[in-house]
Amino acid sequence: ADNALDQEWQLVPVGDGSYKVLNRTSQQQLAVPSGSQGAQLVQASDDNATDTQWRFVPTGSGSYTLSSPSDGLLADVSGGSKSSGAPVIQWPANGGTNQKWTLVPVPDPNVAYRVENLATGGRLDVDNDSTADGAHLLQYSDNGQADQKWTFVRQASGAYTIVNANSGKLVNVPGPTTTAGTQLI
């Protein structure tokens, strides 16, 4: 995976439980070229027809099947291949893992996010709304302030830097340490 925008898709609700699946590079939609079993999926311009709409059906394991309302067939990696460049086709439901898909969120660098702890519900917060270098990060209840909002900026390596919306400062581990329990700044 090259992590390029051609591998990123946006879901646009249609209103009936279906979604248009829009490619972020081409702005075209995931589409069914024909109603025939085994047809390779393509991208196509929006025609407002069911051949460019998809239902995301939970499998119970955190993944989904992508079902076309036009013919009921599922998006399927042909033959269960693990090779890059393997065709994605439409195929009848068979319970195979090659028909299960997960949605992996990609942070948008133009959108600020609240970072919330799953166990406690606390927000990642800059102590006392500080804009100073070395200010401590802590958990705090939701206060709606900018010091609890963060943007994620993608680096050439594929990693992200986390930037505070209030101060413009990056989340950092002080010094070259790998010690457990080190206070983030």
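Overview of the structure. (Residues numbered from 1 in each chain as written. Predicted model: local features only at pLDDT ≥ 70, side-chain atom pairs only at ≥ 80, totals over all residues. Heavy atoms only, no water.)

On inspection of all chains with the given rule, the structure shows three aromatic pairs. Geometrically, the ring pair formed by F56 and Y64 is edge-to-face, given 6.2 Å between the ring centres and 75° between the ring planes. The class of F56 is buried, set by a relative accessible area of 15%. Ring centres of Y113 and F152 lie 5.7 Å apart, and the angle between their planes is 80°; on these two criteria the pair is classed as edge-to-face. Of this pair, Y113 sits in the loop between β8 (88–91) and β9 (123–126) while F152 sits in strand β11 (residues 150–154), placing them 39 residues apart in sequence. Accessibility expressed as a relative area gives 29% for Y113, which makes it partly exposed. One aromatic cluster in this structure is built from Y19, F56 and Y64. (Phe/Tyr/Trp six-rings, centres within 6.5 Å; stacked < 30°, edge-to-face > 60°. Buried < 20%, exposed > 50% of the residue type's maximum accessible area, 1.4 Å probe, protein only. Helix = DSSP H or I, 4+ residues; strand = E, 2+ residues; numbered from the N terminus.)

This structure, assessed with the given rule, holds six salt bridges. With a shortest N-O distance of 4.0 Å, D16 and R55 are connected by a salt bridge. Of the two residues, D16 is situated in the loop between β1 (9–13) and β2 (19–23) and R55 in strand β5 (residues 55–58); the sequence distance between them amounts to 39 residues. A relative accessible area of 32% means that R55 is categorised as partly exposed. Measuring nitrogen to oxygen at the nearest pair gives 2.7 Å for the salt bridge that ties D46 to K20. Of this pair, D46 sits in the loop between β4 (42–44) and β5 while K20 is found in strand β2, placing the two residues 26 residues apart along the sequence. (Salt bridge = Lys/Arg side-chain N within 4 Å of Asp/Glu carboxyl O.)

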